[in-house]
Each structure stands twice: as C-alpha cells, then as structure tokens.
Amino acid sequence: MMNPMRRASLRIILLAALSGAGILPVSAEDGVTDTTILIGQTVGLTGTVAGPVKEMNEGAEAYFRQVNKQGGIHGRKIEMRMLDDKFDPALTRANAETLIRKERVFALFQGRGTPHTQGILPLLEGNNIPLVAPSTGAAIFHQPAHRMLFNIRAKYQDEVVRAVEHFTTIGIKAIGILHVDDAFGQDGLEGFMKAMEARKLKPAVVLKFARVNPDNKAAADEVVKANPAALIVVSSAKNTIDVIKAIRAAGSQTQIMTLSNNSSQAFVKELGPAGTGVIVSQVTPAPHLISTPLGQEFNAVAKASGATISYAAMEGYVNAKVLVEGLRRAGPRLTREGFVRAMETMQRVDLGGLMVTYAPGDHTGSEFVELTMIGKDGRFIR
C-alpha cells in the first residue's frame, strides 16, 4: 500500500501538471463567468447631468448590444450593472463600494465628474479595479497616470487652451472665465491661466460659483459689470444652462464658450434661444457626418438601436469600443491584470477617425479637440 504522504505528493504533482497543460479550470476573476463579463457603472442617471448621461449611455449600450448579438467577446457577453449617484460625490463612492464589494463587477465604466472620480481612486487602487472612460478631462487623472484608470476623452485644459487660441486668433483679448467652485472648475481655471499667460494676456474677469444651489443672478451681474468680450464657462450641464440664461437675461451679449461635458442635444434643447452662438468644444468627430468610418458605423448602429445621434452618444459609443477592444486583447482567460496589460498595448489604435493610444505610464487615450457653435436651428456647426 502506498504511503499517504507519498500519495499526497503525487496528487500535488499531477494537479500542477494538469493545470500547466490547461486541463484544469483556472479560478475565475470577479465579474467573469464562462458566458458573461459584469461591468459596473455609478453615474448621475438623475440630477443635473441626467441629460448628457442618458445620451452617453445610449451610445455605449448600442455598441454593447451589437457586440453581444455577434456572440460577445471570446464567447462572453457584456452585462451592465448601473447605480444612480445623482451626481453626488459621496454617493458615487458608496455606489462604487457596492459594485466592487457586493456586486463584484470586473471593472467600472463611464462614470462622470471630477470630484466623483477623485473620490473613488483609492477604491480602484485598493481593490485593483479598472475604471475605463471616466467622463472627466481633469489633468490630475492624466499626469501622473493612475494604473487602474484609463481616460479616453481629451483633457479639459486642452479644450480651454483651444478656446483661448480661437479667441485670440480672431482678435479677442478681453477673455474671462466663470467656473464652478470644485475640482473640475479649478482644473479649467488652471488651463485658462496657463493659456492667458502664454499669450501675455490678463483675464478680463475670473469668477466662480457654487456647484450646489449657485447664485446665477449674482454671477450674471458680475459678468455684465466686467463686460468681457468672451467668457469661458466651466460647469456641469444644468448649472451652465441656468447661468447662460441669466447672463443673457441681464443683457450681456458676450461670446460664451463651454466645454464638451455640455455637448449633448439635451443641453442644447434646454438652453433654447439663449444657446444660439454659444461655442462648445468637442472631443469626438461629428456624430452626424458619415465622412469617416467611425461616423458611418455610429450612425448605422445608433439608428438600429434608437439611440440619440449626438456628440454625447458618440462619446459613449467610442468609450464602449475602447473597453471592448481591451477585453478582446486580454484574451479568453480574462483577468484584471491581463486586461490592464492589454489596454497598455493599444498604440495609435484608429477607431475610424479617432486615434487612441495607451502605454505603461500613459493612460491619456485621445487628444482630439475641435470647436463647434450652436446654430439658430439648435444644431452644432463645425
């Protein structure tokens, strides 16, 4: 009869051999089964950013639906678990904890907000949970790079610099800024001050207002008093809409520019007549044009799924494409570590008119920025 210790030793050797040969199953990563990949999202489904969030999610869901219909990624279909954080940073963190520790999602996707994303960084790093496509362009998420966070959209500061370049090119030098008093606004202000200093210009006015219950009339009165030739507004959709309406109601005709976080059709619709002539920066190619492969693909998929054809929906679609590309590159034995390494192999990946690049130490993604203007018919004019 074989010695029990010797039998145990042989069993260990056999298990190791079988595992090395790929015969035994490898322990599954959280959120991954033979047929599904569970992705989590905490975002403002209600509240001040609900309009653009709805459009972004429509674009992302349209792409996921197409991928799932075609058999998924290495046989696994994407499942989304969404929680509403009402654009409240404290609720964002609580939701992220739920998604990570209770729902056990594989990764997080397409959150929104600068302080919101800042608040969950420790959770990402402490649990090795990737976050792909946070809807924020704050510089703090780009440099230094955070290993578990993959940006896609360009930096807000690049958008502000592009606006200052535009205004000075057409002869406008009296440029002011009105920014929300949080991390998002401070980031925009930093980019604005750098752009103005580079051109040896002094701001016509620097104003800030609260993120929660802002005094829009007081802000508008200050704008009228300073009378800048151009004003850059850095804030979320609802607050930006309200303050632009207040500025126009106060009699100011200053040229207003705002950032890509406000590029949804919901934003244009709610802004109404006050939006005519407002400049909005964009971080994706135009969604209505079919002159690029990305535009053709997006229009076909969006129409088939009933998604809004807008810049916000296009951004969501792009975000979903990047996530899926990373999952494909990670291979059939999906792990978070393998996914991070796979994402970092994406060097100058052309999505059909938008280039995305990652590397170890560089998680910026895209640097695409262009300016558009809201026309009288409510359409974005390039």
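Up top is the structure.
Residues numbered from 1 in each chain as written. Predicted model: local features only at pLDDT ≥ 70, side-chain atom pairs only at ≥ 80, totals over all residues. Heavy atoms only, no water.

Applying the stated rule across the entire model yields seven aromatic pairs. Judged by centre distance (5.8 Å) and plane angle (75°), the ring pair of Phe 106 and Phe 339 falls under edge-to-face. In this pair, Phe 106 sits in the loop between helix 3 (89-102) and strand 3 (107-109) while Phe 339 sits in helix 12 (residues 336-343), placing the two residues 233 residues apart along the sequence. Given a relative accessible area of 0%, Phe 339 falls into the buried group. Through pairs of rings, three or more aromatic residues link up here, namely Tyr 63, Phe 298 and Tyr 317. (Phe/Tyr/Trp six-rings, centres within 6.5 Å; stacked < 30°, edge-to-face > 60°. Helix = DSSP H or I, 4+ residues; strand = E, 2+ residues; numbered from the N terminus. Buried < 20%, exposed > 50% of the residue type's maximum accessible area, 1.4 Å probe, protein only.)

The subject of this paragraph is helix 2 (residues 50-69). The end-to-end C-alpha separation of helix 2 is 28 Å, in line with the 28 Å expected for 20 residues at 1.5 Å each. Backbone geometry just downstream of helix 2 places Gly 71 in the positive-phi region, at approximately 110°. (Expected span 1.5 Å × (residues − 1).)

Our focus in this paragraph is the sheet that holds strand 11 (residues 349-350). Strands belonging to one sheet form pairs held by backbone hydrogen bonds; the direction of such a pair is parallel or antiparallel. With respect to topology, three strands assemble into an open sheet ordered 11-12-13, the strand pairing being antiparallel. Each end of this open sheet is capped by a strand with a single partner; those strands are strand 11 and strand 13 (362-365). (Pairing = 2+ DSSP bridges.)

This part takes up the nonpolar core. Counting 60 residues, the largest nonpolar core has Phe 106, Leu 108, Phe 109, Leu 327 and Phe 339 as its most contacted members. For this core, the leading source of residues is helix 11 (residues 311-330), giving ten residues. Those residues in contact with Phe 339, other than ones at most four positions away along the chain, are Phe 106, Pro 130, Val 132, Leu 323, Gly 326, Leu 327, Ala 330 and Leu 334. Listed in part, the 48 residues of the second largest apolar core include Phe 184, Leu 189, Ala 195 and Leu 231. (Core = buried A, V, L, I, M, F, W, Y, C linked by side-chain atoms within 4.5 Å. Contact = heavy atoms within 4.5 Å.)

A few words now on empty space enclosed by the protein. Scanning the entire structure with this criterion turns up five cavities of 30 Å³ or more. In this structure, the largest cavity spans a volume of roughly 130 Å³. Contributing to the lining of the largest cavity are 18 residues, with Phe 87, Gly 113, Phe 184, Ser 236 and Asn 261 lying nearest its centre. Top contributing element to the lining of the largest cavity by residue count: helix 4 (residues 114-127), with three residues. Partitioned by chemical class, the residues of the lining of the largest cavity number eight nonpolar, seven polar and three charged. There is about 70 Å³ of room inside the second largest cavity. Lining the second largest cavity we find Gln 41, Thr 42, Asp 85, Thr 92, Leu 108, Phe 109, Gly 111, Arg 112, His 116, Thr 117, Ile 120 and Leu 131. The set of elements that each furnish at least two residues to the lining of the second largest cavity consists of strand 1 (36-43), strand 3 and helix 4. (1 Å grid on protein atoms, 1.4 Å probe; cavity = no way out; pocket = protein on both sides within 12 Å on 5 of 7 lines; lining within 4 Å. Points joined across faces, edges and corners; volume = space filled by probe spheres on them. Nonpolar A, V, L, I, M, F, W, Y, C, P; charged D, E, K, R; others polar.)

Note: strand 1 against strand 2 (residues 77-84), eight bridges, orientation parallel. Within the sheet, the bridge partner assigned to Thr 42 lies in strand 2 and is Leu 83. Of the crossover connections in this fold, the one passing from strand 1 over helix 2 to the parallel strand 2 is right-handed. (Right-handed = clockwise from strand over helix to strand, strands pointing away.)

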